[in-house]
Amino acid sequence: MGPHPAVAAIRLAVRRVLHDILNDHQTSGRPGGQVLVGPGRQAFGAYPDRTAERPPSPLVLVACSGGADSMALASALAFEAPKLGVRAGGVTVDHGLQPGSDLRADEVVLRLRELGLDPVESIAVTVGRDGGPEAAARDARYGALDALAERHGATAILLGHTRDDQAETVLLGLARGSGIRSLSGMAAVSGAGGRYRRPFLTLDRQTARKACMAQSLPVWDDPHNTDPAYTRSRLRHEGLPALEKALGKGVVEALARTAQLSRDDADALDAWASQAEPSVRDAAGLLECAKLYALPPAVRRRILRRAAIEAGAPAGSLFARHIEEVDRLITGWRGQGAINLPGKVVARRQGGRLVIRQG
């Protein structure tokens, strides 16, 4: 008799991601760019190198809060990694936002070690205030995970975001009105060198919880997830249920599909903007307003956003309304003054050129 269907689903999702990680690792790690295409074989055109050794087994970490999603992910990694020759470890981040958070972090470490993961660490972080509590906690968490990955030489870190999390992210992006990139949600692969992997984006939250129940895995339900003080919590417990009541079941799946379609479109437009940018700069590297005006708005605004970020505007603080104001220097020029952007960046039109710089 096979495993419970939910357990089988989470293991399959993790197995697929580990295969991708191994393929990337072996391709990038072989001398001379050789690509293995089978036991003892090499891709056509690659010269045999009998002295070359396989790159060391990659280390994959799971970020685990102790909740159902990440505990299910940790159990699947612990089961699948040894079969593929992958080293598997875990990490939990203590945000220090609740009494006894350090004790809960210690409990998570113990559970991860009981699953057979090694190395396992708990990292305490200090959460700032920039961007609100949720954004500040996220920034602190990813900063700690990046540092840990560098210290251990980890190839990848698995994150337990589910299809439900993706739907919530799309709705939050829609509320911000920040354009198609905000609607693209979370990427299955993100971070420097594709460090972060999200195997569960096609699985719902209930599947992860059922997998934990089937394996008798203890889970911790973060009270912040039900605290109406947090925007995502209100969306999860009030917004999405209201949408499903009004529109019927399938809203979460539809939003997840929207994320993927939006991501594909956004990637294509980003590529177009990258190719077009050199053609709208003069010999001194300044943006020429007439050439920018001739571009489609979606492409032009991407170039403007990139220029603002390169000038020092923080990407997380640069919203659609900022870019729209800069865009009016091109499409609605009436002699208006400079536009102030986050990071003390200023955009102004001078002699048919758009100048974006700090100060």
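Conventions and cut-offs
Residues numbered from 1 in each chain as written. Predicted model: local features only at pLDDT ≥ 70, side-chain atom pairs only at ≥ 80, totals over all residues. Heavy atoms only, no water. Helix = DSSP H or I, 4+ residues; strand = E, 2+ residues; numbered from the N terminus. Buried < 20%, exposed > 50% of the residue type's maximum accessible area, 1.4 Å probe, protein only. Contact = heavy atoms within 4.5 Å. Areas by Shrake-Rupley, 256 points an atom, 1.4 Å probe, with all protein chains shown as cover. Lys, Arg positive; Asp, Glu negative; His and termini not counted. Charge placed at Lys NZ, Arg CZ, Asp CG, Glu CD. Salt bridge = Lys/Arg side-chain N within 4 Å of Asp/Glu carboxyl O. Axes fitted to C-alpha atoms, helices over the stretch in contact; angles between N-to-C directions. Left-handed = near helix turned anticlockwise from the far one by under 90°. Nonpolar A, V, L, I, M, F, W, Y, C, P; charged D, E, K, R; others polar. 1 Å grid on protein atoms, 1.4 Å probe; cavity = no way out; pocket = protein on both sides within 12 Å on 5 of 7 lines; lining within 4 Å. Points joined across faces, edges and corners; volume = space filled by probe spheres on them. Pairing = 2+ DSSP bridges.

(A) Geometry of the overall build of the protein chain. Per the secondary structure count, the protein chain includes twelve helices and twelve strands. By its C-alpha atoms, the protein chain is 75 × 60 × 40 Å across when sized along the principal axes. Across the 359 residues that make up the protein chain, the buried fraction comes to 43%. A separation threshold of at least 6 residues defines the contact pool for the protein chain, and within that pool the share at least 24 residues apart is 66%. Surface accessibility of the protein chain: about 18900 Å² in total, with carbon and sulfur atoms responsible for 53%. If the 47 positive side-chain charges of the protein chain are averaged to one point and the 39 negative ones to another, these points end up 5 Å apart.

(B) Inspection of the pattern of salt bridges at higher detail. As enumerated under the stated definition, the model contains 27 salt bridges in all. With a shortest N-O distance of 3.6 Å, Glu244 and Lys249 are connected by a salt bridge. Taking the relative accessible area as the measure of exposure, Glu244 reaches 22% and is therefore partly exposed. Among the ionic pairs, Glu288 bridges to Arg353, the shortest N-O distance being 3.9 Å. Here Arg353 lies in strand 12 (residues 353-358) and Glu288 lies in strand 9 (residues 287-288), a separation of 65 residues in the sequence. Looking at Glu288, the relative accessible area reads 15%, which means it is buried.

(C) Representation of the packing of helix 11 (residues 297-310) against helix 12 (residues 320-331) in the model. Put simply, helix 11 and helix 12 touch, their axes get as near as 10 Å, and they point 115 degrees apart. As helix 11 packs across helix 12, the resulting crossing turns out to be right-handed. For the pair formed by helix 11 and helix 12, the contact residues are Arg300, Arg301, Leu304 and Arg305 on the first element and Ile323, Val326, Asp327, Ile330 and Thr331 on the second. Here the residues of the contact of helix 11 with helix 12 are counted per class, giving four nonpolar, one polar and four charged.

(D) Structural view of the layout of surface pockets. Here the second largest pocket is characterised by a volume of approximately 480 Å³. Lining the second largest pocket are 23 residues, with Ala188, Arg198, Pro199, Leu201 and Thr202 sitting closest to its centre. Put simply, the parts of the chain that give the lining of the second largest pocket at least two residues each are helix 1 (5-29), helix 5 (163-176) and helix 9 (251-276). When its residues are assigned to classes, the lining of the second largest pocket shows 13 nonpolar, four polar and six charged.

(E) Seen up close, the pairing of strand 11 (residues 345-350). As paired strands, strand 10 (residues 339-341) and strand 11 are joined by three bridges and run antiparallel to one another. Counted as the bridge partner of Asn340 is Val346 from strand 11. Counting the residues in the hairpin turn of strand 10 and strand 11 gives three residues, including Gly343, whose phi is positive at 80 degrees. Of the pairings in the sheet, the one linking strand 11 to strand 12 comprises six bridges and is antiparallel in character. Note that in strand 12 the partner of Gln350 across the bridge is Arg353. Adjacent in sequence and paired antiparallel, strand 11 and strand 12 are bridged by two residues, among which Gly351 carries a positive phi angle near 55 degrees.

(F) Representation of the sheet that holds strand 9 in the model. Taken in spatial order, the four strands of this open sheet run 9-12-11-10, and their pairing is antiparallel. Two strands bound the open sheet, and with one partner strand each, they are strand 9 and strand 10. Across the sheet, helix 11 lies against strand 9, strand 10, strand 11 and strand 12, angled at about 35 degrees from strand 12, the strand it touches most.

(G) Examining unusual backbone geometry more closely. Here the bond from Asp118 into Pro119 is cis, since omega is 10 degrees, no more than 30 degrees from zero. The phi torsion at Ser216 lies on the positive side, around 55 degrees, for a residue other than glycine. Tracing the backbone through its elements, the reader meets Ser216 in the loop between helix 7 (205-214) and helix 8 (231-247). Exposure remark for Ser216: the relative accessible area of 63% places this residue in the exposed category. One non-glycine residue, Lys344, adopts positive backbone phi at about 60 degrees. Secondary-structure assignment places Lys344 in the loop between strand 10 and strand 11.

Read these as spatial facts, not as claims about activity.
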